[in-house]
Amino acid sequence: MSISLSSLILLPIWISMAQIQQGGPDEKEKTTALKDLLSRIDLDELMKKDEPPLDFPDTLEGFEYAFNEKGQLRHIKTGEPFVFNYREDLHRWNQKRYEALGEIITKYVYELLEKDCNLKKISIPVDATESEPKSFIFMSEDALTNPQKLMVLIHGSGVVRAGQWARRLIINEDLDSGTQIPFIKRAMDEGYGVIVLNPNENYIEVEKPKIPVQSSSDSSDEPAEKRERKDKVSKETKKRRDFYEKYRNPQREKEMMQLYIRENGSPEEHAVYVWDHFIAQSAAEKVFFVAHSYGGLAFVELMIQREADVKSKVTAVALTDSVHNVWHQEAGKTIREWMRENCCNWVSSSEPLDTSVESMLPDCPRVSAGTDRHELTSWKSFPSIFKFFTEASEAKSSSLKPALTRRSHRIKHEELTCTVVGL
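Residues numbered from 1 in each chain as written. Predicted model: local features only at pLDDT ≥ 70, side-chain atom pairs only at ≥ 80, totals over all residues. Heavy atoms only, no water.

Draft legend 1. Summary view of the overall build of the protein. A count of helical and extended segments in the protein gives 16 helices and 13 strands. Across the 423 residues that make up the protein, the buried fraction comes to 44%. Pairs at least 24 apart in sequence give 71% of the contacts found in the protein among residues at least 6 apart. Here the protein displays about 23,200 Å² of accessible surface, and carbon together with sulfur accounts for 51% of that area. (Helix = DSSP H or I, 4+ residues; strand = E, 2+ residues; numbered from the N terminus. Buried < 20%, exposed > 50% of the residue type's maximum accessible area, 1.4 Å probe, protein only. Contact = heavy atoms within 4.5 Å. Areas by Shrake-Rupley, 256 points an atom, 1.4 Å probe, with all protein chains shown as cover.)

And the structure:
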């Protein structure tokens, strides 16, 4: 049976408490003191002392993984999929290892966007100084000049970055299901310009500056004996602080602070910024959005802030398991009506793909994505989304409405709205 370091540290304290409790009343003060000591010990933090160093490779090769011809992440030597529990009973260490691999995956996808999809990396804010925090988006060469069609991709919240739908899918499934690359390639093949947003890149992290310790012997007017005494107290205080810091942060992880990116400090801000500086300036007659999860909320917020512009330029919006809420976001009646006519939300459902799914909210039609897994909704609805866009484009050209926003959907939503108002 293995005994952890933290157990060995606490064992003498438990034995002492047991011995003291067998003594007389005079020992009660010692018992209280020991209990107070135990109450101050954070066992979760203490367990970190058992961890191996948080020192991970910075390349896929260093992790001994690579993507095969099917876009699946596999171990170079064994051919096995990624293993999360690399070290048993060390969940935090395993999580840190997973996050380190995730950062490498993010950079790998960025490279694919540039090399495999031929997208350009564009720094934002467009007028940023050399020293201020910056983010970036990706665009096709013709994103701003294509006179016909432009597709805009927005991922959800969390650790994902530009070009990704879900990190979990990239690591555990494949690149096709977890990235936006299939959308980008098909869009370009069908004559779309492409803009890939990066709504989670809201700040950069820098190490917190260390606060200099003031010396207690600055005053030369104090007697030498008093200065020596104060210096001794100061050294003891520093010793205790260093001991506590070693206990609190045994791996010596750097303490970081966040510097937010101007006008891009949130997904909502980012969507509005990219609209104002890129999408609104594009030559495309028809603009199409694909927005997953929180990306749908960011799009609705964009509509609220730029309603007239969005209505005049956007032809159709494909949402995938969007978490928007027209009530909480206080979207007006005209926005809700526009969404009913021009948006469709492919939601997680066990029903077959494109099966109508009822909604309690009076916004856009909801249909099944053909999967009950949230992160897979974009990939599973991939063919239906392009069909929807084609129908929407043709309908706009002929002044007709696309099939997925047929009158039966409108009637259901209008009846539901009337019912809610009647209550």
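Draft legend 2. Up close: helix α10 (residues 267-279). The terminal C-alpha atoms of α10 lie 16 Å apart, and with 13 residues this falls more than 12% below the ideal 18 Å at 1.5 Å per residue. When you tally the buried positions in α10, you get 10 out of 13 residues, the bulk of the element. Within α10 the residues assigned to the buried category are Pro 267, Glu 268, His 270, Ala 271, Val 272, Tyr 273, Val 274, Trp 275, Phe 278 and Ile 279. (Expected span 1.5 Å × (residues − 1).)

Draft legend 3. Just the pattern of salt bridges, in detail. Tallied over the full model, the rule gives 14 salt bridges. Here Glu 375 and Arg 168 are joined by a salt bridge, their closest N and O atoms 3.4 Å apart. With Glu 375 in the loop between β13 (366-368) and α14 (377-380) and Arg 168 in helix α6 (residues 167-172), this pair connects stretches of sequence that are 207 residues apart. Given a relative accessible area of 13%, Glu 375 falls into the buried group. (Salt bridge = Lys/Arg side-chain N within 4 Å of Asp/Glu carboxyl O.)

Draft legend 4. Inspection of unusual backbone geometry at higher detail. Going from Ile 124 to Pro 125, the amide bond is cis rather than trans, its omega being -5 degrees. Structurally, Pro 125 is set in the loop between β3 (120-124) and β4 (135-139). The phi torsion at Glu 330 lies on the positive side, around 55 degrees, for a residue other than glycine. Here Glu 330 is to be found in the loop between β10 (314-320) and α13 (333-342). The class for Glu 330 is exposed, based on a relative accessible area of 67%. Non-glycine residue Asp 354 carries a positive phi angle of around 75 degrees. Relative to the elements of secondary structure, Asp 354 occurs in the loop between β11 (343-347) and β12 (356-357).

Draft legend 5. Seen up close, the confidence of the model for the protein. Confidence along the protein averages 83 in pLDDT terms, with 72% of residues attaining 70 or more. A low-confidence stretch, residues 244-249 stays under pLDDT 50, and its non-local contacts, those more than four residues away or across chains, total 14 contacts. Low confidence marks residues 405-423, where pLDDT is under 50. Its contacts with residues over four positions away, or in another chain, come to 22 contacts. (pLDDT = per-residue confidence, 0-100.)

Draft legend 6. Here's a closer look at the side chain of Asp 321. Mapping Asp 321 onto the fold places it in the loop between β10 and α13. For the buried residue Asp 321, which engages in no salt bridge, the nearest side chain bearing the opposite charge is Arg 366, 6.1 Å off. Engagement of the side chain of Asp 321 in a polar contact is seen with the side chain of Ser 348, the distance being 3.0 Å. Setting aside residues up to four positions removed in sequence, Asp 321 forms contacts with Ser 293, Asn 345, Trp 346, Val 347, Ser 348, His 374 and Thr 377. (Lys, Arg positive; Asp, Glu negative; His and termini not counted. Polar contact = N/O pair within 3.5 Å; in protein donor to acceptor, adjacent residues only side chain to side chain.)

Draft legend 7. Local environment of the environment of Tyr 110. With respect to the helices, strands and loops of the structure, Tyr 110 is situated in helix α5 (residues 91-115). The sequence separation of Tyr 110 and Phe 138 amounts to 28 residues, and the corresponding C-alpha distance is 8.9 Å. With residues near it in sequence (within four places) discarded, Tyr 110 still touches Phe 136, Phe 138, Arg 161, Ala 162, Asn 198 and Glu 201.

Draft legend 8. Spotlight on the environment of His 91. Mapped onto the elements, His 91 comes out in helix α5. Residues His 91 and Glu 51, spaced 40 residues apart in sequence, show a C-alpha to C-alpha distance of 9.8 Å.

Draft legend 9. Region of the structure containing the environment of Thr 59. Inspection of the secondary structure assignment puts Thr 59 in the loop between α3 (43-47) and α4 (60-63). The exposure class assigned to Thr 59 is partly exposed, which follows from its relative accessible area of 32%. Thr 59 sits 41 residues away from Ala 100 along the chain, and the two C-alpha atoms are 9.5 Å apart.

Draft legend 10. Region of interest: the state of the cysteines. Overall, the coordinates contain 0 disulfides when judged by the stated rule. The thiol of Cys 344 is not disulfide-bonded; the next cysteine sulfur, from Cys 364, is found 6.7 Å away. Residue Cys 344 is classed as buried on the basis of its relative accessible area of 0%. (Disulfide = S-S within 2.5 Å.)

Draft legend 11. Examining the pairing of strand β5 (residues 149-154) more closely. Across the 6 residues that make up β5, a large majority, 6, are buried. Because side chains alternate across β5, one face comprises the buried residues Lys 149, Met 151 and Leu 153, and the other comprises Leu 150, Val 152 and Ile 154, equally buried. As judged from the 5 bridges shared by β5 and strand β6 (residues 192-196), these two strands associate in the parallel manner. Counted as the bridge partner of Met 151 is Val 194 from β6. One ladder, built from 6 bridges, connects β5 with strand β9 (residues 286-292); its direction is parallel. Pairing of Leu 153 across the sheet is with Val 290, part of β9. (Pairing = 2+ DSSP bridges.)

Draft legend 12. Local environment of the sheet that holds β3. Sheet architecture is open: 9 strands sit in the order β3-β4-β6-β5-β9-β10-β11-β13-β12, paired in mixed fashion. Two strands close off the open sheet at either side, each with one partner strand: β3 and β12.

Draft legend 13. The packing of helix α11 (residues 294-305) against α13, seen in detail. Where α11 contacts α13, the axes come no closer than 10 Å and their chain directions differ by 130 degrees. When the axes of α11 and α13 are compared, the pair comes out oblique. Our pair here, α11 against α13, has a crossing hand that is right-handed. The segment α11 lies against α13, with Phe 299, Val 300, Met 303 and Ile 304 engaging Ile 335, Trp 338 and Met 339. Split by residue class, the contact of α11 with α13 holds 7 nonpolar, no polar and no charged. (Axes fitted to C-alpha atoms, helices over the stretch in contact; angles between N-to-C directions. Parallel < 35°, antiparallel > 145°, perpendicular 65-115°, else oblique. Left-handed = near helix turned anticlockwise from the far one by under 90°. Nonpolar A, V, L, I, M, F, W, Y, C, P; charged D, E, K, R; others polar.)

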